[in-house]
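Each chain, letter by letter, is given below.
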Amino acid sequence: MDQQLIDAVIERTRTAVGAEAKVPLHTPDFGALERNMVADCVESSFVSYVGPYTTRFADQLASYTGAAHCIPVVNGTVAISMALIGAGVGAEDEVICPALSFVATANAVRHIGAWPHFIDVSDDVLGLDARALAQQLATVCEKTPDGCRNRETGRMVKAVLPMHCFGLPLDIDAVMAVAADWGLVAVEDAAEALGSWVGDRHCGAIAPLGTLSFNGNKIITTGGGGAVLCQDDAIAARVRHLSTTAKVPHRYLYEHDEVGFNARLPALNAALGVAQMQRLDDFLARKRTLTARYQAAFAGLDGADLMAPRAGTQANNWLVALRIKGNRAERDQLLEALNEAGIGARPVWGLLPDQPMYRGAPAGPLDAARKAEAQVINLPSSAHLVKTLYLLCTNHNHR
Ligand SMILES: *Cc1c(COP(=O)(O)O)cnc(C)c1O
């Protein structure tokens, strides 16, 4: 890669993030609110599965996202597995996944004995591409009285698992239209998209089921944690039941009516989450300002473009993404130079079907995903890079 371009990217990133010697990719932001709520939870002695914090956190998430139901669980990977079960996916079924995602998306499918089937992503926001989906289904699948069947593997395709990459909302309506045509349930992996909207609909609460993650690197964190968002009462009840050991409600008897999971989010983690949710609007505002700084700094640069949300959508700016025009070797040259300069830039993930455990999995053509893998990097995006104080607003920006 041209040294002039490398220098320009470093200099412009510095303009956006400031002069601190080492700037990590993304770090959590805790203050007195988090300390007080966690301490209160410890003092209450209800740190585990009973107690008010988990319910309070669930209520905050449901009200923020507009989901009818929210079930907090131990992490985002388990949330996807639980949501897929809720969608009716079982062992030996197939689930359509984007080829470009964090490994958890495909692992969550395998954890319940189902199989991922990889489809290309769109160039603009790196989400599952509806046209590629329609084309692949028409090529390898058939409609049967029992549903969509993959003629090549003989397995039933039950669900489609689109992922809103870096918090950039994908074209979920187009994906859901194709899914409906083939009788597939859509489950949104919105692990990276808390605070992202398609019009006035929150990502993860648009499809019948969706999931969030509160891992340490996400926009809010509970240490580890996740949640299932669900629109249907009966499905939500089943997911809740299964995530809490499938115990039949009773004052003292231990009776369980299926093989359940111990997946409920402990109250100690939820206490952190309740505090973080109260600060979400502030995080979002500061990240919006940071993204605006990046946009100003990178304006007019040839050879590298910041990625931007689709028209009509609002991104949470979780991770700033830069797309270069070069190949993978040039990307690595740039990453080396950025990291050498103390800027914690990272490449996008390696494609899922290239990981050893997913080699040979069913997949469509993956041209756009391969190109993105070679060209897209993330730049430091922590909310605390913007020090300006904002008045805590309780109304969401988009409303
Ligand atoms: C973080 C993440 C997950 C799951 O997260 P964990 O909470 O770490 O299990 C799933 N999918 C995507 C796309 C993610 O980024």
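Structure: see above.
Residues numbered from 1 in each chain as written. Predicted model: local features only at pLDDT ≥ 70, side-chain atom pairs only at ≥ 80, totals over all residues. Heavy atoms only, no water.

Chemist: Explain the pairing of strand β10 (residues 209-213) residue by residue, including any values.
Modeler: Summarising burial for β10: 5 of the 5 residues are buried, a large majority. Neither face of β10 is open: one carries L209, T211 and S213, the other G210 and L212, and all of them are buried. Strand direction decides the pairing type here: strand β7 (residues 185-189) and β10, joined by 3 bridges, are parallel. Bridged to E188 within β10 is G210. (Buried < 20%, exposed > 50% of the residue type's maximum accessible area, 1.4 Å probe, protein only. Helix = DSSP H or I, 4+ residues; strand = E, 2+ residues; numbered from the N terminus. Pairing = 2+ DSSP bridges.)

Chemist: Got a sec to walk through the environment of Q278? Specific residues and values, please.
Modeler: With respect to the element layout, Q278 can be found in helix α9 (residues 267-298). Note on Q278: relative accessible area 37%, which makes it partly exposed. Along the primary structure Q278 and L133 are separated by 145 residues, whereas in three dimensions their C-alpha atoms are 38 Å apart.

Chemist: Lay out the site of the ligand in plain terms, naming residues and giving numbers.
Modeler: Every one of the 16 residues lining the ligand counts as a neighbour, but G76, T77, E192, S213 and K218 are closest to it. A distance of 2.5 Å separates an oxygen atom of the ligand from a polar side-chain atom of T77. Note that a nitrogen atom of the ligand is positioned 2.8 Å from one of the side-chain N or O atoms of D189. Compared with its free state, where it exposes 380 Å², the ligand has 93% of that area covered by protein. Those elements that place two or more of their residues in the shell around the ligand are α4 (76-86) and α5 (104-111). No other element matches α4, which puts 3 residues into the shell around the ligand. Looking at the shell around the ligand residue by residue, the class counts come to 5 nonpolar, 8 polar and 3 charged. (Near = heavy atom within 4 Å. Polar contact = N/O pair within 3.5 Å; in protein donor to acceptor, adjacent residues only side chain to side chain. Areas by Shrake-Rupley, 256 points an atom, 1.4 Å probe, with all protein chains shown as cover. Nonpolar A, V, L, I, M, F, W, Y, C, P; charged D, E, K, R; others polar.)

Chemist: Describe the pattern of salt bridges, listing the residues and the values that go with them.
Modeler: This model, assessed by the stated rule, comprises 19 salt bridges. Ionic pairing is found between D123 and R323, a salt bridge with its closest N-O pair at 3.9 Å. Linking D123 in the loop between β3 (115-119) and α6 (130-140) with R323 in strand β14 (residues 320-324), this pair joins segments that are 200 residues apart in sequence. Residue class for D123 comes out partly exposed when judged on its relative accessible area of 42%. Overall, the relative accessible area of 14% leaves R323 in the buried class. In this structure, the salt-bridge partner of D181 is K143, at a minimum N-O distance of 3.2 Å. Remark: K143 occurs in strand β4 (residues 141-144) and D181 occurs in helix α7 (residues 172-182); sequence separation between them is 38 residues. Judged by its relative accessible area of 48%, D181 is partly exposed. Through salt bridges that share partners, D29, E34, R279, D282 and R286 make up one connected network. (Salt bridge = Lys/Arg side-chain N within 4 Å of Asp/Glu carboxyl O.)

Chemist: Explain α6 residue by residue, including any values.
Modeler: Along α6, the residues that are buried comprise A130, A132, L133, Q136, L137 and V140. When α6 is viewed along its axis, its buried side chains cluster within an angular range of 160 degrees and face the same direction. Away from the buried face of α6 by more than 90 degrees, exposed residues R131, Q135, A138 and T139 are located. Where α6 is buried, its residues meet β2 (94-98), β3, β4, β5 (147-150), β6 (156-160) and α7. (Arc of directions from axis to C-beta. Contact = heavy atoms within 4.5 Å.)

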